[in-house]
Amino acid sequence: MNRKYRKTIIAGNWKMNMVASQVKPFADELKALSPRPKWCETVVCVPFVNVPAAIKAFKDSRVAIGAENLNENAKGAYTGEVSADMLADLGVKYVIIGHSERRQYYGETDISVNKKVHAALGAGLQPIVCVGESLEQRELGITIELITLQVKTALANVPAEKMRKVVIAYEPIWAIGTGKTATAEQANEVCSAIRAVIRSLYGARIARAVTIQYGGSMNDKNAAELLAQPDIDGGLIGGASLVPAKFSAIIDAANQE
Ligand code: 13P
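One numbering rule holds for all chains: residues counted from 1, following each sequence as written. Local features in this predicted model are restricted to residues whose pLDDT is 70 or higher, and side-chain atom pairs enter the listing and the counts only when it is 80 or higher, whereas totals over whole chains, interfaces and linings include all residues. Where side-chain values are given, they derive from all heavy atoms of the structure, hydrogens and water being excluded.

Student: Is there a simple way to explain the pattern of salt bridges in this structure?
Tutor: Where side chains of opposite charge bring their charged atoms close, a pairing between them can arise. In the sections that follow, a salt bridge refers to a side-chain nitrogen of Lys or Arg positioned within 4 Å of a carboxyl oxygen of Asp or Glu. All chains considered together, the criterion is met by 15 salt bridges. A salt bridge links K116 to E108, with the nearest nitrogen and oxygen atoms 2.8 Å apart. Both residues of the pair, K116 and E108, belong to the buried class. Bridged by salt links that share partners, the residues R6, R195, D231 and D233 form one connected network. Note on classification: 1.4 Å probe, protein chains only; a residue is buried when its accessible area is under 20% of the maximum for its type, exposed when over 50%, partly exposed between these limits.

In C-alpha cells form, the structure reads like this:
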C-alpha cells in the first residue's frame with residue numbers, strides 16, 4: 001500500500017453465492033465488525049439480483065456496492081443482459097470486468113473487456129479490471145508479457161482523465177479458489193509491472209495514483225503481508241469475503257496505522 005498517493009480498496013466478490021434474503025444479515029454483521037474503516041474503501045460486489053438489497057442494507061455505511069459484470073452495449077435487444085446505466089441508476093459504484101471465470105466460461109476476451117471498460121466509465125461506474133496468468137503461462141515465463149498485453153488492451157482508448165476511476169486487480173488464475181496464494185513478492189512483482197505499463201501509457205503521476213489490487217486466496221491470515229507490499233493497494237476477495245469475520249479482518253489489515 002502507499003496511502004500517500006492512492007486509495008486502498010478492499011473489495012469482496014461474492015461470485016454466484018448468497019440469496020437476496022442473506023444480504024441484510026451479512027451487512028448488519030459486517031457493519032458491526034468494521035463500523036468506520038479509516039483508510040480503505042470497502043466494496044461488496046454482488047450478483048445482479050442482490051444489488052437492490054445490498055444498496056439498501058449498506059445505505060447508512062461507508063461500504064460501496066459493486067456488480068460482477070455488465071454488458072458492453074448501452075441498451076437494446078440483448079435478452080438477459082444488464083447495462084451500465086441500469087447499475088448506475090440503482091446506486092452501484094464499482095463493476096468487476098474481465099474476471100478470469102468470465103474469460104474462461106463465457107468467452108470474454110481482452111477486446112470485450114475493453115468495450116466493457118468504456119461502457120462502465122461512460123455511465124460513471126468504476127471498473128475493477130481483472131488480469132492474470134494461468135499456471136502454464138507462469139511456467140512458460142510469459143507472465144509479464146501476457147499481463148502487459150491484457151492491461152494495454154483493456155485500457156485502449158481510455159483517456160487520461162478517466163484513469164483515476166480505473167482499478168486494476170491482478171488475479172493469478174492458479175491462486176483463485178485454490179488456497180494457493182502468490183507469495184507477497186510474486187504478487188508485488190506483477191503489480192509493479194502493471195504500474196510500469198500504466199506509467200508508459202499515461203505518465204508517472206497517473207501511474208502513482210492507480211489502485212492495483214491483488215486477488216487469489218487472500219484471507220484474514222495472509223492479507224497483512226500482501227498489503228504491506230508497496231505496489232499492492234488492496235484486495236479482490238472471493239471465498240473469505242462471504243464470511244463477515246474474515247472479510248472484516250482483511251479490512252482491519254488494510255487499516256493498520
Ligand atoms: P478466492 O479469494 O476465493 O480465491 O477468489 C478470488 C477471486 O477470484 C476474486 O475475484
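Student: Whenever I open this one, the site of the ligand confuses me. Can you help?
Tutor: For this description, a residue counts as near a given molecule or strand if any of its non-hydrogen atoms is within 4 Å of it. Taken together, 13 residues form the shell around the ligand, and within it K15, H99, G177, S217 and G239 come nearest. Separating an oxygen atom of the ligand from a backbone N or O atom of S217 is a distance of 2.8 Å. Within the contact set of the ligand, an oxygen atom lies 2.9 Å away from a backbone nitrogen or oxygen of G239. Calculation of accessible area relied on Shrake-Rupley with a 1.4 Å probe; when residues are assessed, cover is drawn exclusively from the protein chains displayed. Relative to its unbound accessible area of 310 Å², the ligand is 94% covered by the protein chains. Under this definition, polar contacts are N or O atom pairs within 3.5 Å; protein pairs additionally need one hydrogen-donor-capable and one acceptor-capable atom, and for neighbouring residues in sequence, both atoms have to be side-chain atoms.

Purely geometric stuff here, so don't read any function into it on its own.
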